[in-house]
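Next come the chains, spelled out residue by residue.
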Amino acid sequence: MVSMQDLPRGKRVDGYVSQKVQVLRASIFLTRKLFFADPQWVIPNIIAPFIFTLVAFFLFQGETSGSSFLLYLVLGSGLMGMWGTTIYASANSIGFDRWNGTMEATLAAPIPLSWIALGRVLFNTLQGVLNAVFILVIGLAWFRVGFGLVNPGAFFLASVATFLSLSSFGLLMTTILLLSRKGGFITNSMEIPVYIATGTMFPVILLPIVYLPFAFMLAPTWGIEAIRIAALPGYVGLPTTYWQDMVIMVAETLAYLGLAFFLFKRVEAYAKRNGTLEEY
Amino acid sequence: MGEKTTTAESQIWAVSVKGLTREYTTRNFFGGVTRTTWALSGIDFQIANGELFGLIGPNGAGKTTTIKILTTLLTPTGGDALILGLNVRKDLYEIRRRIGIVFGGERGLYNRVTAVDNLRYFSDLYGVDPKVAKERIPKLLEIVGLAGREKERVEKYSRGMKQRLHIAKALVHDPELIFLDEPTIGLDPAGARDIRNMVRDLKAQGKTILLTTHYMFEAEELCQRVGVISKGKIVALDTPSELKNMVRDISVIDLRTYGATMDYVEALRAIPDVVRVVADLESEQQSIRIQTPMGADLLPKVVASLPAGAKIIDRTIKEPTLEDAYLRLVEE
Ligand SMILES: Nc1ncnc2c1ncn2[C@@H]1O[C@H](COP(=O)(O)OP(=O)(O)O)[C@@H](O)[C@H]1O
Ligand SMILES: [Mg+2]
């Protein structure tokens, strides 16, 4: 029989960075476990991509295969899937704890809530990226489009950067969801405008002028531009270059992160003032 | 008590609460205040290092509010509280690292994953060295009697197992001070006894414990000192035996009856010398508790008031318990 006295103890992890890394890792691991514990993950990740590509296939059956228009289409479906999961990711980050009844236990931890939420959002966004890759693969196989990227290295770099900017946007959305009672409404009503504004469906340049400021404020708009420049031969989009797109995206992503961390302080203050963030 | 809290004071007191108040405002859709409730209207108490202190009171008395403030989850409206010498308004993370919290009820666990997954996760949030956690978690699971079931999803656990996991979770980071908010609520008698045994073990390990409950025998059995809280005020604070002294002038008649109704309870209350009657009429057999200075001498009148068709199955004359003192305190 073990007694409480026999319990091993040790020094705390208390380095500023090592502490955050530990929490991020723990949050990512737990989110992954929770994700795979629910068989519903099959729907957004396997079934939805198939349906996306199927619809596109029937719509554009007559197109000559191998054209860059089809590559554009497949890429667009993938990017759209990624956006969808980002929005899902933010709703399901700390929002998950809210309805799971673990908000209080999470808030009681000696670590800012933002780091726990960031882990959740990173995993969920990564899962969106895998989902996009999956759409890309089946789409390409289906249309028999050769995957001739203009610049594979630049494509990869832009993809990773877009993933990070989507995550930071997801983190910012999380705070808005937590601070607002009508969080679900906001995410749902944002989904379509965001798809359009960031140019997943068609290039931003085709948008009515009033949308442009909104589109330009969304970091992934620039990421998607950069991805297209690196992927599509002869792509004509915004008058910016690949590197200009990348720099603007990084700057906006950092601004999102700063704002998200600031708003998380507000969320924590709100929780302390009211004693709860749980939904009843 | 001095006006200022000195270091020496914090070496004695694990918890020191002065003039603590908390107001809740409920707002309507447009942000206007619809109602304000004073959940705590100025409470004071201290808990010594290594002490097992109980806070008892009826529903809505302010027990959870007190615990939330002391665990830094809720800002007080007024007053001060020091936890291990640290200020609940300012030293949030340092306090959180050194305390463990067990809330009663089903909430607070990730049900879709295993007990080990839950404990690993919370270990990491509390900055426990992963090497230490790896050895500590299996032992903790053994202590709380979950060894062998640790690879199952928590959703398959019984209510009692979940509560034991809650305790393990509160202990992952080896806290000095442990808060338990109604830890046995909703448990079957065996499950509740397991939890009480664990609380006793923790005390034996030198941990300081603040326990809230509305089961008086639990407080009487476990706690060295008890604060009785009612409507946001501490109405008495002493050892269980001193609190019982308040009611040493009375004795208790416990009845088990068949077919008794509220009318009978009212008839009992009308008898002179009956101080208080508490009845549970819900089940097929009713239990009725009569407080009286008369003791057994009251029995003839008790029997005489019995309506036709009702029966007394069993009766016992008892010494008053903490429950009797409590009933007097929360009624006044
Ligand atoms: N979040 C809240 N908003 C408004 N009123 C609250 C809130 N939490 C508790 N109260 C009120 O404060 C009082 C004390 O509640 P609580 O501390 O939960 O009591 P206990 O734990 O002793 O049952 C009750 O009247 C309760 O209704
Ligand atoms: Mg309570």
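The rules behind the values
- Residues numbered from 1 in each chain as written.
- Chains lettered and ligands numbered in written order.
- Predicted model: local features only at pLDDT ≥ 70, side-chain atom pairs only at ≥ 80, totals over all residues.
- Heavy atoms only, no water.
- Near = heavy atom within 4 Å.
- Polar contact = N/O pair within 3.5 Å; in protein donor to acceptor, adjacent residues only side chain to side chain.
- Areas by Shrake-Rupley, 256 points an atom, 1.4 Å probe, with all protein chains shown as cover.
- Helix = DSSP H or I, 4+ residues; strand = E, 2+ residues; numbered from the N terminus.
- Nonpolar A, V, L, I, M, F, W, Y, C, P; charged D, E, K, R; others polar.
- Buried < 20%, exposed > 50% of the residue type's maximum accessible area, 1.4 Å probe, protein only.
- Core = buried A, V, L, I, M, F, W, Y, C linked by side-chain atoms within 4.5 Å.
- Contact = heavy atoms within 4.5 Å.
- Buried area = accessible area lost by both parts, 1.4 Å probe.
- Salt bridge = Lys/Arg side-chain N within 4 Å of Asp/Glu carboxyl O.
- pLDDT = per-residue confidence, 0-100.
- Pairing = 2+ DSSP bridges.
- Axes fitted to C-alpha atoms, helices over the stretch in contact; angles between N-to-C directions.

Description of the site of ligand 1
Near ligand 1 you find A:Asn274, B:Tyr24, B:Thr37, B:Ala39, B:Pro58, B:Asn59, B:Gly60, B:Ala61, B:Gly62, B:Lys63, B:Thr64 and B:Thr65, and these make up its full shell. Near ligand 1, residues from chains A and B are present, making the site a shared one. Contacts to ligand 1 include B:Gly60, whose backbone N or O atom sits 2.7 Å from an oxygen atom. Residue B:Thr64 places a side-chain N or O atom 2.7 Å away from an oxygen atom belonging to ligand 1. Contact with the protein chains removes 66% of the 560 Å² of surface that ligand 1 exposes when unbound. Of all elements in the fold, only strand E2 (33-48) and helix H2 (63-70) of chain B reach the threshold of two or more residues within the shell around ligand 1. Of all the elements, H2(B) adds the most residues to the shell around ligand 1, at 3 residues. Broken down by class, the residue content of the shell around ligand 1 amounts to 4 nonpolar, 7 polar and 1 charged.

Thoughts on unusual backbone geometry
All names here are of chain B. You will see that Leu84, though not glycine, has its phi angle at about 50 degrees, which is positive. Of note, the phi angle at Asp174 is positive, near 55 degrees, even though the residue is not glycine. Secondary-structure assignment places Asp174 in the loop between helix H6 (159-171) and strand E7 (177-181). In this structure Asp174 comes out as partly exposed when scored by relative accessible area, which is 24%.

Here's the deal with the nonpolar core
Of all hydrophobic cores here, the largest spans 144 residues; its most connected members are B:Val15, B:Leu70, B:Ile83, B:Leu165 and B:Val228. Here this core gets 11 residues from one element, more than from any other, and that element is helix H7 (residues 152-179) of chain A. Residues contacting B:Leu70, with those up to four places away along its chain left out, are B:Val15, B:Val17, B:Leu20, B:Phe45, B:Ala81, B:Ile83, B:Val88, B:Ile95, B:Ile99, B:Phe179 and B:Leu210. In this structure, B:Val265, B:Val274, B:Val277 and B:Ala310 belong to the second largest nonpolar core, which totals 16 residues.

Notes on the interface of chain B and chain A
Each partner contributes to the interface: chain B provides 49 residues, whereas chain A provides 50 residues. Summed over both sides, the interface between chain B and chain A buries roughly 4,400 Å², with carbon and sulfur atoms accounting for 57% of that surface. On the chain B side of the contact with chain A, B:Tyr110, B:Arg112 and B:Leu125 bury the most area, a combined 16% of that side's loss. Linking chain B to chain A there are 6 salt bridges. Measuring nitrogen to oxygen at the nearest pair gives 3.6 Å for the salt bridge that ties B:Asp124 to A:Arg25. Elements with a minimum of two residues in the side of chain B that touches chain A: strand E1 (13-27), helix H3 (92-98), strand E6 (99-103), helix H4 (115-125), helix H5 (130-143), H6 and helix H7 (189-204) of chain B. At 8 residues, H5(B) tops the list of elements feeding residues into the side of chain B that touches chain A. Of the residues assigned to the side of chain B that touches chain A, the class counts are 24 nonpolar, 6 polar and 19 charged.

What about the environment of B:Ser287?
Along the chain, B:Ser287 turns up in strand E13 (residues 285-292). In contact with B:Ser287, not counting residues within four places along its chain, are B:Leu255, B:Val278, B:Ala279 and B:Asp280.

A closer look at the pattern of salt bridges
Residue and element names in this part refer to chain A. Counted under the stated rule, the structure contains 28 salt bridges over all chains. The partner of Arg120 in a salt bridge is Asp97, and the shortest N-O contact between them spans 2.9 Å. Within this pair, whereas Arg120 is found in helix H6 (residues 113-143), its partner Asp97 is found in helix H4 (residues 94-100), the two being separated by 23 residues in sequence. A salt bridge links Glu268 to Lys265; the shortest N-O distance between them is 3.7 Å.

Observations concerning the confidence of the model for chain B
Mean pLDDT over chain B stands at 91; residues scoring 70 or higher make up 96%. For this predicted complex, the interface confidence reaches an ipTM of 0.84, while the overall pTM sits at 0.86.

Some thoughts on the sheet that holds E13(B)
All names here are of chain B. Reading across the sheet, the 4 strands line up as E12-E13-E11-E14 and stay open at both edges, with antiparallel pairing between neighbours. Of all the strands in the sheet, just strand E12 (276-280) and strand E14 (311-318) have a single pairing partner and so form its edges. The mean inter-strand angle of the sheet, taken between neighbouring strand axes irrespective of direction, is 15 degrees. Here strand E11 (residues 251-258) runs beside E13; their pairing, made up of 8 bridges, is antiparallel. The partner of Tyr258 across the bridge, within E13, is Gln285.

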